[in-house]
Amino acid sequence: MEPLTLLSAGFKTLKEVVTAIKAIKELLPENKKNEVSMGIDGVEANLKIAEAQIAQALGYQLCQCEFPPVIMLNVENSGRNKIFQCPKCNKKYPNIYEGEVPQPQPEGEYV
Ligand SMILES: [Zn+2]
């Protein structure tokens, strides 16, 4: 199985836990609901960030069209380059069709 598939399965389980906590939240008195909601929102954001960080460590590209970043999927291979595409905004990386080639990070300027 693809590492990202395993990763997604693991995070799906964690998201189900969050869904269960949300259901429990509904049983709380009104004055406690907001407090718990804010906590759950934070957990959800952190889950997305953790998922993106692990995907990046596995060699996936991240699209910055929103935050937390979206994991770009390997849609095709062009020669030795893997082409990734964002499932949200459809942006491709590297965008070889528009002549955009990933450049090495610029070195510090020498004075
Ligand atoms: Zn995107």
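Below you will find a few notes about this structure. None of the values given here were measured: they were computed from a predicted structure. Counting starts from 1 at the beginning of each chain's written sequence and moves along it residue by residue. Per-residue local features of the predicted model are confined to residues with pLDDT of at least 70, and side-chain atom pairs are confined, for both listing and counting, to 80 or more; whole-chain, interface and lining totals are unaffected and use all residues.

**Remarks on the overall build of the protein chain**
Item 1. A run of DSSP states H or I qualifies as a helix once it reaches four residues; a run of E qualifies as a strand once it reaches two. Both are numbered from the N-terminal end. When helices and strands are counted, the protein chain shows 2 helices and 5 strands.
Item 2. Along its sequence from the N terminus, the protein chain presents helices and strands in the succession α-α-β-β-β-β-β.
Item 3. Counted over contacts in the protein chain with a minimum sequence separation of 6, partners at least 24 positions apart contribute 26%. Once C-beta atoms have been placed from the backbone, residue pairs whose C-beta atoms lie within 7 Å are recorded as contacts.

**A look at the packing of helix α1 (residues 3-25) against helix α2 (residues 30-57)**
Item 1. Look at α1 against α2: their axes get within 11 Å of each other, and the N-to-C directions meet at 180°. Of the possible angle classes, the one that applies to α1 and α2 is roughly antiparallel. Contacts between α1 and α2 involve L4, L7, F11, L14, K15, V18, I21, K22 and K25 from the first element and K33, V36, S37, I40, V43, E44, L47, E51, I54 and A55 from the second.
Item 2. Taken together, the residues of the contact of α1 with α2 break down into 12 nonpolar, 1 polar and 6 charged. As a rule, the C-alpha atoms of each element are fitted with a line to give its axis, helices using only the stretch in contact, and angles between N-to-C directions run from 0 to 180 degrees. Here the angle decides the label: under 35 degrees means roughly parallel, over 145 means roughly antiparallel, 65 to 115 means roughly perpendicular, and every other value means oblique. As a working rule, the residues Ala, Val, Leu, Ile, Met, Phe, Trp, Tyr, Cys and Pro are called nonpolar, Asp, Glu, Lys and Arg charged, and the rest polar, with Gly in that last group.

**Re the sheet that holds strand β3 (residues 73-78)**
Item 1. Pairing in this open sheet of 3 strands is antiparallel, and the strands run β3-β4-β5 from one edge to the other. Edge positions in the sheet fall to β3 and β5 (92-93), since each of these pairs with one other strand and no more.
Item 2. Two strands qualify as a pair provided DSSP detects at least 2 bridges between them. Examined bridge by bridge, β3 and strand β4 (residues 81-85) share 5 bridges and lie antiparallel to one another. Opposite N74, over in β4, you have F84 as the bridge partner.

**Looking at α1**
Item 1. Between its first and last C-alpha, α1 extends 33 Å over 23 residues, near the 33 Å set by a 1.5 Å rise per residue.
Item 2. Taken across its 23 residues, α1 has 0 buried, putting it largely on the surface. The span you would expect from a helix comes to 1.5 Å times its residue count less one. Burial is judged by counting the other C-beta atoms within 10 Å of a residue's own C-beta: 20 or more makes it buried, 12 or fewer makes it exposed, and any count in between marks it as partly exposed, with every C-beta position built from the backbone.

**Notes on α2**
Item 1. The first and last C-alpha atoms of α2 sit 41 Å apart over 28 residues, in line with the 40 Å expected at 1.5 Å per residue.
Item 2. The positive-phi residue at the C-terminal boundary of α2 is G59, with phi of around 100°.

**Digging into the pairing of β3**
Item 1. Within β3, only 0 of the 6 residues are buried, which leaves it mostly out in the open.
Item 2. What sits between β3 and β4 in their antiparallel hairpin is a turn of 2 residues, with G79 showing a positive phi close to 60°.

**Regarding the nonpolar core**
Item 1. Each nonpolar core consists of buried Ala, Val, Leu, Ile, Met, Phe, Trp, Tyr and Cys residues. Their C-beta atoms, within 7 Å, join them into a set. If you look at the biggest cluster of nonpolar residues, it comprises 7 residues: A55, C63, V70, I71, M72, F84 and C86.
Item 2. The residues contacting M72, other than those within four sequence positions of it, are Y60, Q61, L62, C63, F84, Q85, C86 and Y93.

**Describing the environment of A45**
Item 1. Mapped onto the secondary structure, A45 falls in helix α2.
Item 2. Assessed through the 12 C-beta atoms surrounding it within 10 Å, A45 is described here as exposed.
Item 3. Once the C-alpha coordinates of A45 and F67 are considered, the two residues, 22 residues apart in sequence, prove to be 8.8 Å apart.

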